[in-house]
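# Remarks on the overall topology
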Number of protein chains: 2
Amino acid sequence: MKKTDQNGCRELTLRQTARFLKRHDHYIILTHASPDGDTLGSAYALYYGLNEIGKTACVICPDVIPKKYDYFVRKTDHVKRENATVVAVDIAAKSLLGALEEEFGDAVDLNIDHHISNARFAKNLLLDADAAATAETIFELLKVMKVNINDITAKALYTGIVTDTGSFKYTNVTAKTHMIAAQLYDFNLNAPEINRLMFDTKSRKLLELEKMVLDAAEFHFGDRCILLPVTAEMQLKTGCSGTDLESIAVISRSVEGVCAGLTVKQIGEEEFKISLRTYPPFDASAICKKLGGGGHKGAAGATVKGTLEEVKARALAAVKEAMEETDEGTSAAE
Amino acid sequence: MKKTDQNGCRELTLRQTARFLKRHDHYIILTHASPDGDTLGSAYALYYGLNEIGKTACVICPDVIPKKYDYFVRKTDHVKRENATVVAVDIAAKSLLGALEEEFGDAVDLNIDHHISNARFAKNLLLDADAAATAETIFELLKVMKVNINDITAKALYTGIVTDTGSFKYTNVTAKTHMIAAQLYDFNLNAPEINRLMFDTKSRKLLELEKMVLDAAEFHFGDRCILLPVTAEMQLKTGCSGTDLESIAVISRSVEGVCAGLTVKQIGEEEFKISLRTYPPFDASAICKKLGGGGHKGAAGATVKGTLEEVKARALAAVKEAMEETDEGTSAAE
């Protein structure tokens, strides 16, 4: 058994987690705010799995679940708060619970996650930092629990895996990721349709926004950094918002020669959400930490206050610093 | 043993093909014209495999091999034409040999392919129409031959698979595709870098072209069809050509609600290359056949002569016909 750390967080193995889930009942499964395919896919796959073994469970998401996930999202059970067992999935820190943080931040009985940065805020933690997606771990958990997987569970799990791996493109993919995908193909998955919904469907208003953003694109530091501003005006003119804007970050990582792609999206009068996508040797998480944010090595974010010009300057300074450190490291090694 | 058909083409099993390759020597391996990741990956993986068992082989491509494939393309052996055994990979019809058709069109000893439309022009044929990529079949062949696979072979095979499946997104993917990918992860694959090179790297000039094409985009048939014109002027202004233009077709299949995406690219004074991407129930191959072309169900093409307006009208008429047939089928079934 893994030991309890100073936060009072006990780390569990897959088998211990399986036993935990079989022993308890009346589950409230929490996703993180601004839900993505992995937190939702993991939550619903766990919900369907618990239902299969006769447990009552509900899924609570702090934000509205985007319609594109309708193919695996269903109305869940009613679970009373009092006697509930609270499970968080794919949640690295309690602040990511958003509107649910106050109620549930200190009440999570079990957290199932794959972020190496996990803040150990739950009483019990199943953490596999080598998993490309939390959905990988949920798949393994359902297997260990010998729970029947059905088509909708498979769709939820596959969604988690493809969204967190960019459809098997990112550095987090392992042989295991593909082995699990192969097993999910035993079900009526309709994987092309899932990929289409997750990656290859853009609205006409998003096409419009992309045109505007490309017109405003800036290149910096010998074209190694691209900065894409998404102003409130652009969002207003096109009607784009929220998850529509994720795809702009995708553009930022796709330009030849660019190893740091910044998307600077206005979210308030003088407030911007920065999304950073990097390629090795640059660490997006380390750069965004300097801006008060965090994330993964290849993709991270931060919220920065100020005018567009101020925020751009701060973000570019953080990128520049990382580039200078790397350049020095390179020349020192020569 | 599978029988010989009226063309004199003998269909082989994997084992028979393995025996064929062990029995012969001095291989000339041919790729198709306008080479893609699958024909090149298959050709080089086969080349490395044959080298491993002491055979001499060379790879001949009818066109210049794009630089982005440099990570698995090497100088191959010198093989004399006279006593060579000619192997074609991923070539559905002899016309796809391009500049090599005259010399090799009737001289192919063995063709390894996965196109259901294969025209059986070779003396021997290993055809697996269920394979997502010819590279899948080459992988299985090397396994049956018990040939050592090394890092560069794995990279070539992985490239073939990801390029023909849009990184595991298309309808041709099966559990086997993922099982093979999992096995290729045993090697020093650097899959994220391969995916980056194949899918997520666009030049600044391509960004420019995309902006222009989006400005000229037309929607037809209740927005179910998008038409993206790529004129000679646009190509000239941006400096984009050839494979740069593939990504425009990708845009054409990505717009919400669109089930037929047409890219109409000028390739001569009055000559256009049409690329069609469709979603079920529309069959791109059937639609392009009407225009004198062909391809797969989800992606096909044709070359059409005429002015831009004439070519657009012909292409749209073919799409409209398919839509009307489908709509009638649907209402008849109601």
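Only a predicted model underlies this, so the values are computations on that prediction, with no experimental measurement involved.

### Topic: the overall build of chain A
Along chain A, the regular secondary structure elements total 12 helices and 12 strands. A globule of 334 residues ought to have a C-alpha radius of gyration of about 20 Å, and chain A, at 21 Å, matches this closely. The buried share of chain A, taken over its 334 residues, is 55%. Considering only intrachain contacts with a sequence separation of at least 6, the fraction spanning at least 24 residues in chain A is 63%. Carbon and sulfur atoms provide 50% of the accessible area of chain A, an area that totals close to 14300 Å².

### As for the environment of P281 of chain A
Residue and element names in this part refer to chain A. Within the secondary structure layout, P281 lies in the loop between strand 10 (271-278) and helix 11 (284-290). Residue P281 is classed as exposed on the basis of its relative accessible area of 56%. Between the alpha carbons of P281 and A322 there is a distance of 9.5 Å; along the sequence they are 41 residues apart.

### Focus: the sheet that holds strand 8 (residues 225-230) of chain A
Residue and element names in this part refer to chain A. What the six strands build is an open sheet, ordered 7-8-9-10-12-11; its pairing is mixed. Since the sheet does not close on itself, it has two edges, and those belong to strand 7 (218-220) and strand 11 (294-295), each with one partner. Bridge count between strand 10 and strand 12 (residues 299-305): seven bridges; the pairing is antiparallel. Across the sheet, R277 pairs through a bridge with A299, a residue of strand 12. Here helix 8 (residues 204-216) sits on the sheet in contact with strand 7 and strand 8, set at roughly 130 degrees to strand 8.

### Quick look at the relation of the copies chain A and chain B
Overlaying chain A on chain B yields an RMSD of 0.1 Å, the required transformation being a rotation through 180 degrees with an accompanying axial translation of 0.0 Å. On the angle and the small slide along the axis, the relation comes out as a two-fold axis. Using C-alpha coordinates, one finds that chain A approaches the rotation axis most closely at H178 of chain A, a distance of 2.6 Å.

### Topic: the interface of chain A and chain B
Facing the 35 residues of chain A at the interface are 35 residues of chain B. On the surface where chain A and chain B come into contact, there are four salt bridges. D215 of chain A is the partner of K211 of chain B in a salt bridge, and the nearest nitrogen-oxygen pair spans 3.0 Å. Our count for the chain A to chain B interface comes out at 12 residue pairs in polar contact (both at pLDDT 80 or more). Mapped by element, the contributors of at least two residues to the side of chain A that touches chain B are helix 6 (175-184), helix 7 (191-199) and helix 8 of chain A.

### A word on the packing of aromatic side chains
All names here are of chain A. For the coordinates displayed, the defined rule picks out 17 aromatic pairs over all chains. With a centroid separation of 6.3 Å and 50 degrees between ring planes, the pair formed by Y158 and F168 is classed as tilted. Of this pair, Y158 sits in helix 5 (residues 151-165) while F168 sits in the loop between helix 5 and helix 6; the two residues are 10 residues apart in sequence, bridging distant segments of the chain. Owing to a relative accessible area of 0%, Y158 belongs among the buried residues under this scheme. F168 sits in the buried class, given a relative accessible area of 0%.

### Focus on the nonpolar core
By size, the foremost hydrophobic cluster in this structure holds 104 residues, and its most contacted members are L21 and I29 of chain A together with L21 and I29 of chain B. When residues no more than four places from it in sequence are discounted, the contact partners of I29 of chain B are A43, L46, Y47, L50, A57, C58, V59, I60, V87 and V89 of chain B.

### Examining the packing of helix 4 (residues 134-144) of chain B against helix 6 (residues 175-184) of chain B
Residue and element names in this part refer to chain B. One way to put it is that helix 4 packs onto helix 6 with a least axis distance of 11 Å and a crossing angle of 60 degrees. By the angle class used here, helix 4 and helix 6 are oblique. Handedness of the helix 4/helix 6 crossing: left-handed. The segment helix 4 lies against helix 6, with E136, F139, E140 and K143 engaging K176, T177, I180, Q183 and L184.

### Some remarks on helix 5 of chain A
Residues and elements named next belong to chain A. Look at helix 5: 21 Å from first C-alpha to last across 15 residues, which is about the 21 Å you get at 1.5 Å a residue. Most of helix 5 sits inside the fold, with 13 of its 15 residues counted as buried. A positive backbone phi angle near 55 degrees is found at G166, which sits one or two residues after helix 5.

Parameters at a glance
Residues numbered from 1 in each chain as written. Chains lettered and ligands numbered in written order. Predicted model: local features only at pLDDT ≥ 70, side-chain atom pairs only at ≥ 80, totals over all residues. Heavy atoms only, no water. Helix = DSSP H or I, 4+ residues; strand = E, 2+ residues; numbered from the N terminus. Rg over C-alpha atoms; globule rule 2.2 N^0.38 Å. Buried < 20%, exposed > 50% of the residue type's maximum accessible area, 1.4 Å probe, protein only. Contact = heavy atoms within 4.5 Å. Areas by Shrake-Rupley, 256 points an atom, 1.4 Å probe, with all protein chains shown as cover. Pairing = 2+ DSSP bridges. Axes fitted to C-alpha atoms, helices over the stretch in contact; angles between N-to-C directions. Least-squares fit on C-alpha atoms with pLDDT ≥ 70 in both. Salt bridge = Lys/Arg side-chain N within 4 Å of Asp/Glu carboxyl O. Polar contact = N/O pair within 3.5 Å; in protein donor to acceptor, adjacent residues only side chain to side chain. Phe/Tyr/Trp six-rings, centres within 6.5 Å; stacked < 30°, edge-to-face > 60°. Core = buried A, V, L, I, M, F, W, Y, C linked by side-chain atoms within 4.5 Å. Parallel < 35°, antiparallel > 145°, perpendicular 65-115°, else oblique. Left-handed = near helix turned anticlockwise from the far one by under 90°. Expected span 1.5 Å × (residues − 1).

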